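Coordinate inspection notes
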Amino acid sequence: MRVAAFTELSGPDGVSVRDRPDPEPGPGEAVVDVDACAINRHDLWILEGASAMVDPADLPFVAGLDVAGVVDAVGPDVEGVEPGDRVVLCPTETCGTCRFCREGPENTCESFSLYHGGLAEKALVEADRLVHRPESLSTVDAAALPTAYMTALRMLDLADVAAGDRVFVPGATGGVGVAAVQLADFRGAETVGTSRSADKLDRVRELGLDRGIEAVEPDAIRAAVDGRVDAVVNHLGGEYTELGQSLLRRAGTMAVCGRTAGGRSEFPVADLFLRHKRIVGTTMGTQGDLERLVSLAADGALAPAVDQTFPLDETGAAFAAMQDRESVGKLVVEP
């Protein structure tokens, strides 16, 4: 099989297509013929050498979390899936035995990790992490769901977003931002989002954004929001954490899942406790979340936003497009 491997941690130029032996499934495993794999900023951080998860000794490394395709083979002791099944992978990896796995949600597992290996023609996966994909859901749309939409759904759940709520989404044109706008709109919430690009905001308005603010500086955004919000979906971190807190109403919630704008944040503690505000951290979501999303998308209630698709040979170009920050929605590789 062919894989798009990271051979240097130097950015998009560090991707090389190579041949590897086809995988053989062991007990509890399945091999999936990969039809589509979305890329994420998590993958780009690895490729840029900005992740502690992978270092040069691990190269060549095959990334790719969000796998959709058809089961090719299964190993011993596999139940629930068989060759020919249309599937999408839940990339969350957990121990299944710790207190957090027992009590849930599973993405709080103390041994939490993520699957890698989807940027390939075949992927070896844990069979019990495969979610059946109805025929009405395309492989490209299915691949767009796991990381961005699972994360956004979990954040909205943590903030108890409901119809009539006002939700602030800084960076509303990225993968998680777009997903949060669409899912909040589905719930009947009002969304306020930001971007440095008027064109990108126009595209997100077509996906359900109620109000777009073309600004990057927190002070300019704060002035433009005009009033308080019930919830903040913060995938940027950095200075946007203090901004989000300042915009929250009393007893409002901000969910934080990323650090694209910076790995450290400062905020006024008195405002936090005197106004009973909540800041909660979260990463990814649960397999149940993915099953909910697959059902919504298959029924036509949710149309995952896909900006571009790329053949496996152009995986480096896909990461270059992510670096350029011109896309709205997901970038998907089709091996």
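The residue numbers shown here count from 1 along each chain, following its written sequence. Since the coordinates come from a predicted model, pLDDT governs what is reported: local features require at least 70, and pairs of side-chain atoms require 80 or more to be given and counted, while whole-chain, interface and lining totals use all residues. Side-chain numbers here rest on the full set of heavy atoms in the structure, without hydrogens or water.

**Focus: the overall build of the chain**
Numbered from the N terminus, helices here are DSSP runs of H or I no shorter than four residues, and strands are runs of E no shorter than two. The number of helices and strands found in the chain is 10 helices and 17 strands. A compact globule built from 335 residues would reach a C-alpha radius of gyration of about 20 Å, and the chain, at 20 Å, matches this within 12%. C-alpha extents for the chain along the principal axes are approximately 55 × 40 × 35 Å. Here the chain holds 335 residues, and 54% of them are scored as buried. Sequence separation of at least 24 residues holds for 70% of the intrachain contacts in the chain that already meet a minimum separation of 6. The globule rule used here is 2.2 Å times the number of residues to the 0.38 power, and the radius of gyration it is set against is calculated over C-alpha atoms. Here the term buried applies to any residue with accessible area under 20% of the maximum for its type, exposed to any over 50%, and partly exposed to those in between, with areas from a 1.4 Å probe on protein chains only. Here, two residues are considered to be in contact whenever any of their heavy atoms come within 4.5 Å of each other.

**With respect to the pairing of strand β4 (residues 66-74)**
A pair of strands is labelled paired if DSSP reports no fewer than 2 bridges between them. Here strand β3 (residues 29-38) runs beside β4; their pairing, made up of 8 bridges, is antiparallel. Across the sheet, the residue bridging to Ala-30 is Val-74, located in β4.

**Side note on the sheet that holds strand β14 (residues 248-256)**
Note on sheets: strands pair through backbone hydrogen bonds, and any given pair is parallel or antiparallel. Strand order in this open sheet of 6 strands is β12-β11-β10-β13-β14-β15, and the pairing throughout is parallel. Of all the strands in the sheet, just β12 (211-214) and β15 (278-281) have a single pairing partner and so form its edges. Neighbour-to-neighbour, the strand axes of the sheet open up by a mean angle of 20°, direction not taken into account. Pairing analysis gives 4 bridges linking strand β10 (residues 166-169) to strand β11 (residues 190-195), with the strands arranged parallel. Pairing of Val-167 across the sheet is with Thr-191, part of β11. Across the face of the sheet, helix α7 (residues 240-247) comes into contact with β10, β13 (229-234), β14 and β15 while running at roughly 150° to β14. Axis definition: a line fitted to C-alpha atoms, limited for helices to the stretch in contact. Angles are taken between N-to-C directions and run from 0 to 180 degrees.

**Quick word on the packing of aromatic side chains**
Two descriptors summarise a pair of aromatic rings, namely the distance from one centre to the other and the angle between the planes of the rings. Any two of the Phe, Tyr and Trp rings considered here, Trp counted by its six-membered ring, make a pair once their centres fall within 6.5 Å; the pair's planes then place it as stacked at under 30 degrees, edge-to-face at over 60, or tilted in between. Under the counting rule described, the total for this entry stands at 2 aromatic pairs. When the centroid spacing of 6.3 Å and the interplanar angle of 50° are considered together, the rings of Phe-6 and Phe-61 count as tilted. Here Phe-61 lies in the loop between α1 (41-47) and β4 and Phe-6 lies in strand β1 (residues 2-6), a separation of 55 residues in the sequence. Assigned by exposure class, Phe-6 and Phe-61 land together as buried.

**Concerning a nonpolar patch on the surface**
Put simply, a patch holds well-exposed residues, over 30% relative accessible area, that have no salt bridge, with like charges counted together within 9 Å and Val, Leu, Ile, Met, Phe, Trp or Tyr side chains within 5 Å. In this description, accessible areas are obtained by the Shrake-Rupley approach with a 1.4 Å probe, and a residue is regarded as covered only by the protein chains that are shown. Throughout this description, the term salt bridge denotes a Lys or Arg side-chain nitrogen within 4 Å of a carboxyl oxygen of Asp or Glu. A contiguous nonpolar surface patch, about 390 Å² in accessible area, is contributed by Phe-267, Val-269, Phe-273 and Leu-274. With respect to the helices and strands, Leu-274 occurs in helix α8 (residues 269-274).

**Thoughts on the nonpolar core**
Judged by nonpolar contacts, the single largest core of 47 residues is most densely connected at Leu-145, Tyr-149, Val-167, Leu-183, Leu-290 and Leu-293. Broken down by secondary-structure element, the contributors of at least two residues to this core are β3, α3 (139-158), β10, α4 (175-186), α5 (198-205), β13 and α9 (287-298). Here the element with the most residues in this core is α3; it accounts for 11 residues. Setting aside residues up to four positions removed in sequence, Leu-290 forms contacts with Val-88, Leu-89, Cys-90, Val-131, Leu-145, Pro-146 and Met-150. Think of a nonpolar core as a cluster: buried Ala, Val, Leu, Ile, Met, Phe, Trp, Tyr and Cys residues, connected wherever their side-chain atoms sit within 4.5 Å. Ile-46, Val-87, Ala-123 and Leu-130 belong to the second-largest nonpolar core, a separate cluster that totals 39 residues.

**A few points about the layout of surface pockets**
Here a cavity is any set of points on a 1 Å grid over the protein atoms alone where a 1.4 Å probe fits but cannot get out, and a pocket is any open set with protein on both sides within 12 Å along at least 5 of 7 lines; a residue lines the site when it has an atom within 4 Å of a point. Grid points are joined across faces, edges and corners, and a volume is the space filled by probe spheres set on the points. Each pocket or cavity is described by its volume, and for the largest pocket that value is around 1100 Å³. Residue lining of the largest pocket: 41 residues in total, with Arg-41, Gly-175, His-235, Leu-236 and Thr-260 positioned closest to the centre. Where the lining of the largest pocket is concerned, the elements lending two or more residues are α1, α3, α4, β11 and β17 (330-334). Classifying every residue of the lining of the largest pocket gives 18 nonpolar, 17 polar and 6 charged. Note that Gly is not counted as nonpolar here; it falls among the polar residues with everything else outside the nonpolar set of Ala, Val, Leu, Ile, Met, Phe, Trp, Tyr, Cys and Pro and the charged set of Asp, Glu, Lys and Arg.

**Comments concerning unusual backbone geometry**
With an omega dihedral of -5°, the bond running from Leu-59 to Pro-60 counts as a cis peptide bond. Tracing the backbone through its elements, the reader meets Pro-60 in the loop between α1 and β4. Here Gly-104 and Pro-105 are connected by a cis peptide whose omega angle stands at -5°. Non-glycine residue Ala-251 carries a positive phi angle of around 65°. Even without a glycine there, the phi angle at His-276 is positive, about 55°.

**Looking at the packing of α3 against α9**
Running from N to C, α3 and α9 point in directions that differ by 105°, and their axes come no closer than 9 Å. Overall, the two elements α3 and α9 adopt an arrangement that is roughly perpendicular. Here α3 contributes Leu-145, Pro-146, Tyr-149, Met-150, Leu-153, Arg-154 and Asp-157 to the contact with α9, which in turn contributes Asp-289, Leu-290, Arg-292, Leu-293, Val-294 and Ala-297. Of the residues in the contact of α3 with α9, the class split is 9 nonpolar, no polar and 4 charged. Roughly parallel covers angles under 35 degrees, roughly antiparallel covers those over 145, roughly perpendicular covers 65 to 115, and oblique covers all other angles.

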